[in-house]
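For reference, the chains in residue letters:
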Amino acid sequence: MAGRPRDERARDVILRRAADLASQDGLEGLSIGRLATELGVSKSGLFGYFGSKEELQLATIRIAMSVFVDEVVQPALTVPPGLGRVRRLCESWLSYSQRRVFPGGCFFFAVTAEFDARPGRVRDAVAAAGLDWIRFVTRTVEDARQLGELADDTDADQLAFELISFMENANAVSLLHDDPNAYERARTAIRNHLAGRAVAAPGT
């Protein structure tokens, strides 16, 4: 029992490296053998942590989700509900992608494209993470509408879809074309889009 915290820290280090690799080469490109080579440890040692490639993939998704929450969700939650939180959430996501928290850009953007048509536990885990994100963005938008900061006829599901599309396109364009302007274009699009739905404060 005394060795468990150290084991858990070592496991987290392994998984963080696995998430970095998967963001570039996909979860299918991830294997216990490759990860052992990358980390300079024994394959048998890593097998003891995970047991199978699928378990490694699932654990990698979980650690990536934890990083995503720390980098994107938690910063937004420091802002009170309303339009300010919507803006902060979008900015946190763009910053997370732009800073290459994962070297392949957004981890979930990468693995969603890889597993969207493949049934199984890994696809289910990726889909669940994506659905949690969509629901959070939608709820954040709906809070702003209910607080009277967005037009009352705002369709939260539609606006969330559009905001996510702007963010993901910046990620894709910046990676594919090495275009540093993609994120600023997305910021401009989001700012303009929200301004078009915003309700002016009294006296302004």
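Residues numbered from 1 in each chain as written. Predicted model: local features only at pLDDT ≥ 70, side-chain atom pairs only at ≥ 80, totals over all residues. Heavy atoms only, no water.

### Some remarks on the overall build of the protein chain
- The number of helices and strands found in the protein chain is 9 helices and 0 strands.
- The linear arrangement of helices and strands in the protein chain, starting from the amino end, is α-α-α-α-α-α-α-α-α.
- In terms of its C-alpha atoms, the protein chain occupies a principal-axis envelope of roughly 65 × 40 × 30 Å.
- Sequence-distant contacts in the protein chain: of pairs separated by 6 or more residues, those separated by 24 or more amount to 67%.
- Total accessible area on the protein chain stands at roughly 10,700 Å², and carbon and sulfur atoms take up 53% of it.
- Once the 25 positive and 28 negative side-chain charges of the protein chain are each reduced to a mean point, those two points are 5 Å apart. (Helix = DSSP H or I, 4+ residues; strand = E, 2+ residues; numbered from the N terminus. Contact = heavy atoms within 4.5 Å. Areas by Shrake-Rupley, 256 points an atom, 1.4 Å probe, with all protein chains shown as cover. Lys, Arg positive; Asp, Glu negative; His and termini not counted. Charge placed at Lys NZ, Arg CZ, Asp CG, Glu CD.)

### A look at the environment of Glu 168
- Among the structural elements, Glu 168 can be located in helix 8 (residues 156-177).
- Residue classification places Glu 168 among the partly exposed residues on the basis of a relative accessible area of 31%.
- The spatial distance from the C-alpha of Glu 168 to the C-alpha of Ala 186 is 9.0 Å, given a sequence separation of 18 residues.
- Not counting the four nearest positions on each side in its chain, Glu 168 is found in contact with Trp 93 and Phe 109. (Buried < 20%, exposed > 50% of the residue type's maximum accessible area, 1.4 Å probe, protein only.)

### Here we look at unusual backbone geometry
- The backbone of Arg 100 shows a phi angle near 55°, a positive value even though the residue is not glycine.
- By secondary structure assignment, the location of Arg 100 is in the loop between helix 5 (83-98) and helix 6 (107-115).
- Residue Arg 100 is classed as partly exposed on the basis of its relative accessible area, which comes to 26%.

### Observations regarding the packing of aromatic side chains
- Under the criterion given, the structure shown has 8 aromatic pairs.
- Taking 5.3 Å as the distance between ring centres and 90° as the angle between the ring planes, the aromatic pair formed by Phe 68 and Tyr 96 counts as edge-to-face. Pair noted here: Phe 68 is in helix 4 (residues 53-77) and Tyr 96 is in helix 5, with a separation of 28 residues, a long-range link.
- Residues Phe 68 and Trp 133 carry aromatic rings whose centres are separated by 5.1 Å and whose planes lie at 85° to one another, so their mutual orientation is edge-to-face. Residue Phe 68 is found in helix 4, and its partner Trp 133 is found in helix 7 (residues 121-146); the two are separated by 65 residues along the sequence.
- Looking at Phe 68, the relative accessible area reads 3%, which means it is buried.
- These aromatic residues form a ring-pair network of at least three members: Phe 68, Trp 93, Tyr 96, Phe 102, Phe 107, Phe 108 and Trp 133. (Phe/Tyr/Trp six-rings, centres within 6.5 Å; stacked < 30°, edge-to-face > 60°.)

### Re the environment of Ala 22
- Topologically, Ala 22 is positioned in helix 1 (residues 4-25).
- Overall, Ala 22 belongs to the buried group, its relative accessible area being 0%.
- For the pair Ala 22 and Phe 107, spaced 85 residues apart in the sequence, the C-alpha separation amounts to 7.4 Å.
- For Ala 22, the contacting residues outside a window of four places in its chain are Leu 27, Leu 30, Phe 107 and Val 111.

### Overview of the environment of Glu 8
- Structurally, Glu 8 can be placed in helix 1.
- For Glu 8 and Tyr 49, which are 41 residues apart along the polypeptide, the C-alpha to C-alpha distance reads 9.6 Å.

### Thoughts on the packing of helix 4 against helix 5
- Taken N-terminus to C-terminus, the directions of helix 4 and helix 5 make an angle of 155°; their axes are 8 Å apart at the nearest point. As far as their axial angle goes, helix 5 and helix 4 are roughly antiparallel. For helix 4 against helix 5, the interelement crossing comes out right-handed. Here Phe 68, Glu 71, Val 72, Pro 75, Ala 76 and Leu 77 of helix 4 lie close against helix 5, whose contacting residues are Arg 85, Arg 88, Leu 89, Ser 92, Trp 93 and Tyr 96. (Axes fitted to C-alpha atoms, helices over the stretch in contact; angles between N-to-C directions. Parallel < 35°, antiparallel > 145°, perpendicular 65-115°, else oblique. Left-handed = near helix turned anticlockwise from the far one by under 90°.)

### Digging into helix 8
- For helix 8, which comprises 22 residues, the first-to-last C-alpha distance of 31 Å matches the rise-based estimate of 32 Å (1.5 Å per residue) to within 8%.
- Within the span of helix 8, buried status applies to Ala 156, Leu 159, Ala 160, Leu 163, Ile 164, Met 167, Ala 170, Asn 171 and Ser 174. The arc that holds the buried residues of helix 8, viewed along the axis, is 135°, so those residues lie on one side. Residues Asp 157, Phe 161, Leu 176 and His 177 are exposed on helix 8 and point more than 90 degrees away from its buried face.
- Buried residues in helix 8 make contact with helix 5, helix 6, helix 7 and helix 9 (182-197). (Expected span 1.5 Å × (residues − 1). Arc of directions from axis to C-beta.)

Function cannot be read off these values alone, since they describe shape.
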